[in-house]
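Notes for the structure review
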Amino acid sequence: MARPDMHEFHVRQAIDIAAPVERVWQALVDEPHRWWGSPYLMLEGTGRQLEFPQRAGGAVLERRGDATALWGIVTACEPGRAYAWTGQMGMGPAYAGEARYELESTDAGTRVTLQHDAVRLWGDDDVEGTGSGYDYGWADLNARLKAFVEDGAEHGTTGANAEPEFEFAPSA
C-alpha cells in the first residue's frame, strides 16, 4: 500500500495583552469582526462577519449576507481558558488543521497562546511557504486582537481592516 504524500506545518505564538482574561475572551469569541479582517477572509465584498460559537460541534463561519464559508468545527470551548476548531481554515481542501487559542492570567493581564497545526493531505504546493504565510497572518491577527482589547482600535471587518504596526518574529 502506497503511503500518501503528507506534509505539515506548525505555528506557535504567544502575545501578552494588558487586560483581564474575561475581557480578552469576550473579544476573542464575541467580537472577532472588530479585530479579524482582510486579507484573512474567504468571502469577497463588504459586510463580512465571523462567528465563533461557544460550544463544541458548532461551525466557525464567515458570513456575508446569505453567503457563508466554513472555517472549521469547534473542538474545544472552555470559557476564559481555551478555544479550538478544526478544518481547512481558508487553506483549501488539500489541507486540514487545528487552530487553538489558550488564555492564561498573568500579573500584567492575559497571555494568549496560539497554536496552528496543519497537514497537506495531497498536492505539491509549497507547504513551507504556506506555513510561513500563516505564521505571519496569525501574528498580524494577534496584534489586531491586542490593539482592539488594549486601545479599542478596530482592525477587523467593522474597522480599518488593516494590520496594526507590530514586530514580526517567525515561530520557532
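What counts as what
- Residues numbered from 1 in each chain as written.
- Predicted model: local features only at pLDDT ≥ 70, side-chain atom pairs only at ≥ 80, totals over all residues.
- Heavy atoms only, no water.
- Helix = DSSP H or I, 4+ residues; strand = E, 2+ residues; numbered from the N terminus.
- Contact = heavy atoms within 4.5 Å.
- Expected span 1.5 Å × (residues − 1).
- Buried < 20%, exposed > 50% of the residue type's maximum accessible area, 1.4 Å probe, protein only.
- Pairing = 2+ DSSP bridges.
- Axes fitted to C-alpha atoms, helices over the stretch in contact; angles between N-to-C directions.
- Phe/Tyr/Trp six-rings, centres within 6.5 Å; stacked < 30°, edge-to-face > 60°.
- pLDDT = per-residue confidence, 0-100.
- Core = buried A, V, L, I, M, F, W, Y, C linked by side-chain atoms within 4.5 Å.

Remarks on the environment of L43
Its location among the elements puts L43 in the loop between α1 (21–30) and β2 (49–51). Along the backbone, L43 and V74 are 31 residues apart, and their C-alpha atoms lie at a distance of 20 Å. Contacts of L43, omitting those with residues within four sequence positions, involve R48, E62, R63, R64, A67, T68 and A69.

Observations concerning helix α2 (residues 127–151)
Between its terminal C-alpha atoms α2 stretches 35 Å, which fits the 36 Å expected from 25 residues at 1.5 Å a residue. Phi turns positive, to about 75°, at G152, one or two residues after α2.

Some details on α1
Buried residues of α1: V21, V24, W25, A27, L28 and V29, and no others. Next to the buried residues of α1 lie β1 (7–17), β4 (67–78), β5 (82–87), β6 (95–106), β7 (109–120) and α2.

Observations concerning the sheet that holds strand β3 (residues 59–64)
What the seven strands build is an open sheet, ordered β1-β7-β6-β5-β4-β3-β2; its pairing is antiparallel. What marks the edges here is a single partner per strand, and that holds for β1 and β2. Strand-to-strand twist in this sheet, taken as the mean axis angle between neighbours without regard to direction, amounts to 20°. Sheet analysis places β6 next to β7, joined by twelve bridges and oriented antiparallel. Note that in β7 the partner of A96 across the bridge is V119. On top of the sheet, α1 reaches β1, β4, β5, β6 and β7; it is set at about 155° to β6, its chief contact. Strands β1, β5, β6 and β7 of the sheet are contacted by α2, whose axis makes an angle of about 20° with β1.

Considering the packing of aromatic side chains
By the definition in use, this model includes 14 aromatic pairs. Between F52 and W85, the aromatic rings sit 5.3 Å apart at their centres with planes inclined by 50°, giving tilted as the arrangement. In this pair, F52 sits in the loop between β2 and β3 while W85 sits in strand β5, placing the two residues 33 residues apart along the sequence. A relative accessible area of 5% places F52 in the buried class. Of the aromatic side chains, those joined through ring pairs into one cluster are W25, W35, W36, F52, W71, Y83, W85, Y101 and W138.

Observations concerning the confidence of the model for the chain
Counting all residues, the mean pLDDT for the chain is 90, and 93% of those residues have values of 70 or more. Of all helices and strands in the chain, the one with the weakest mean pLDDT is β2 (92), whereas α1 scores best (98). pLDDT under 50 marks residues 1–5. Its contacts with residues more than four places away, or in other chains, come to four contacts.

Topic: the nonpolar core
Ranked by size, the top nonpolar core spans 39 residues in total, and within it L28, W36, Y83, W85, Y101 and W138 carry the most contacts. Non-local contacts of Y83, meaning those with residues more than four positions away in its chain, are made with W25, L28, V29, F52, P53, V60, V74, A76, C77, A99, R100 and Y101.

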